[in-house]
Amino acid sequence: MTRAINRQFLLAARPVGDIKESDFEYREEPIPSPKDDEVLVRTIYLSLDPTNRIWMSDMEQYMPPVEIGEVMRGGIIGVVEESKNPNFKKGDLVSGLLGWQDYAIALGSSGFSLTRLPNPLPCPLNAFTGPLGATGFTAYFGLLDIGQPKVGETVVVSAAGGAVGSIVGQIAKIKGCRVVGITGSDEKCRWLTEELGFDAAINYKTGDLEKALAQACPNGIDVYFDNVGGIILDAVLTKINLRARLPLCGLISTYNASKPVPGPYNYSQILMKRALVQGFIILDYIPRFHEAIAEIGKWLNQGQIKYALEIVEGLENAPKAILKLFDGNKKGKLVIKVSNEPT
């Protein structure tokens, strides 16, 4: 699936509330040619992630926001089509933040660097969009470095049916913990318990969340991996144990809010239980990505970790597909298939 043009989606407007398809602008350009030390990469898979919403906003964040008129930022898995850089050759499989487009120039004016994927691949290529990509690394380092789960402890994870949360729970099980997932549908609850091995799963949209947490966590909560913030965080705080650890990965329940979100109201529990709350960004761990690849790759090959991908065909569908991140209408990792894998 090669093309004579380079299709791109630019940021056209900063979202107010929910992301809208009109926040993006479609553009076609000639395929660029690499200059000295540059590499031309064809996108195979484009990752869609909640952090896209942050990048679209003009707010203080961990990277500069995407400017109006710029190609929308996004992580990709791609293949080198042409190289004028001695470190890469045609046919290399790579990953990088190369954006919502068919082709991109790397290691040059774009300012983005590339990571070469292992050769031969230890797992299917699409695994590098999920468990062997940024979401898997987020789960691995957030849980193990900050959460530090111990055998027999109770680990709770929110957005447990998502790309990060589903991996967090499985790693916690590998480490000998009781694992409880919080998600937004009965179908996802069944997936977590029947297929991924979670001990319990709670549909936060039905019933009393605090009561459900008390039933699922009779010994309290030792580690809470937070992907959502908001009312779910507040409910969890009422059940945390002494010296609980709370890795703060995301606040997806607040990203589309049109005004500041108050809370948490149960903030005092952090003091009373001497809990550790630590925010982190996966970019902090880039020098250690090789550790996660080795461990997660081993667990994948041993069948100890499973993953789900929701693959949407076609770059043209990215502005619509990204809405799935916020309406709960997806399971596991959300990916756009932009072109075919090399044969």
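To start, this report covers the structure provided alongside it. (Residues numbered from 1 in each chain as written. Predicted model: local features only at pLDDT ≥ 70, side-chain atom pairs only at ≥ 80, totals over all residues. Heavy atoms only, no water.)

Let's talk about empty space enclosed by the protein
- Enumeration over the complete set of coordinates arrives at 1 cavity of 30 Å³ or more.
- As a volume, the largest cavity reaches approximately 60 Å³.
- In terms of lining residues, the largest cavity is bounded by Gly-130, Pro-131, Thr-135, Ala-163, Ser-166, Ile-167, Tyr-307, Ala-308, Leu-309, Gly-332 and Lys-333.
- The biggest single contributor to the lining of the largest cavity is helix α3 (residues 163-174), with 3 residues.
- Residue composition of the lining of the largest cavity, by class: 6 nonpolar, 4 polar and 1 charged.
- When residues of the lining of the largest cavity are assigned to domains, at least three fall in each of domain 1 (5-130 + 308-337) and domain 2 (134-282). (1 Å grid on protein atoms, 1.4 Å probe; cavity = no way out; pocket = protein on both sides within 12 Å on 5 of 7 lines; lining within 4 Å. Points joined across faces, edges and corners; volume = space filled by probe spheres on them. Helix = DSSP H or I, 4+ residues; strand = E, 2+ residues; numbered from the N terminus. Nonpolar A, V, L, I, M, F, W, Y, C, P; charged D, E, K, R; others polar. Domains from an automatic or database assignment.)

Observations concerning helix α2 (residues 134-147)
- With 11 of 14 residues buried, α2 is to be regarded as a mostly interior element.
- Positive backbone phi, at 45 degrees, marks Gln-148, one or two positions downstream of α2. (Buried < 20%, exposed > 50% of the residue type's maximum accessible area, 1.4 Å probe, protein only.)

Here we look at the side chain of Asp-222
- Mapped onto the secondary structure, Asp-222 falls in strand β11 (residues 221-225).
- With no salt bridge to any partner, buried Asp-222 finds its closest opposite charge in Arg-245, at an N-O distance of 5.1 Å.
- Separated by 2.9 Å, the side chain of Asp-222 and the backbone nitrogen of Thr-154 make a polar contact.
- A polar contact of 3.0 Å, which involves the side chain of Asp-222, links it to the side chain of Asn-241.
- The contact partners of Asp-222, leaving out residues within four places of it in the chain, are Glu-153, Thr-154, Asn-241, Ala-244 and Arg-245. (Lys, Arg positive; Asp, Glu negative; His and termini not counted. Salt bridge = Lys/Arg side-chain N within 4 Å of Asp/Glu carboxyl O. Polar contact = N/O pair within 3.5 Å; in protein donor to acceptor, adjacent residues only side chain to side chain. Contact = heavy atoms within 4.5 Å.)

Observations concerning the pattern of salt bridges
- Counted according to the given criterion, the structure contains 17 salt bridges.
- Residues Lys-333 and Asp-49 are paired through a salt bridge, measuring 3.1 Å at the closest nitrogen-oxygen approach. In this pair, Lys-333 sits in strand β15 (residues 333-337) while Asp-49 sits in the loop between β3 (39-48) and α1 (51-55), placing the two residues 284 residues apart along the sequence.
- Using a relative accessible area of 2% as the deciding quantity, one classes Lys-333 as buried.

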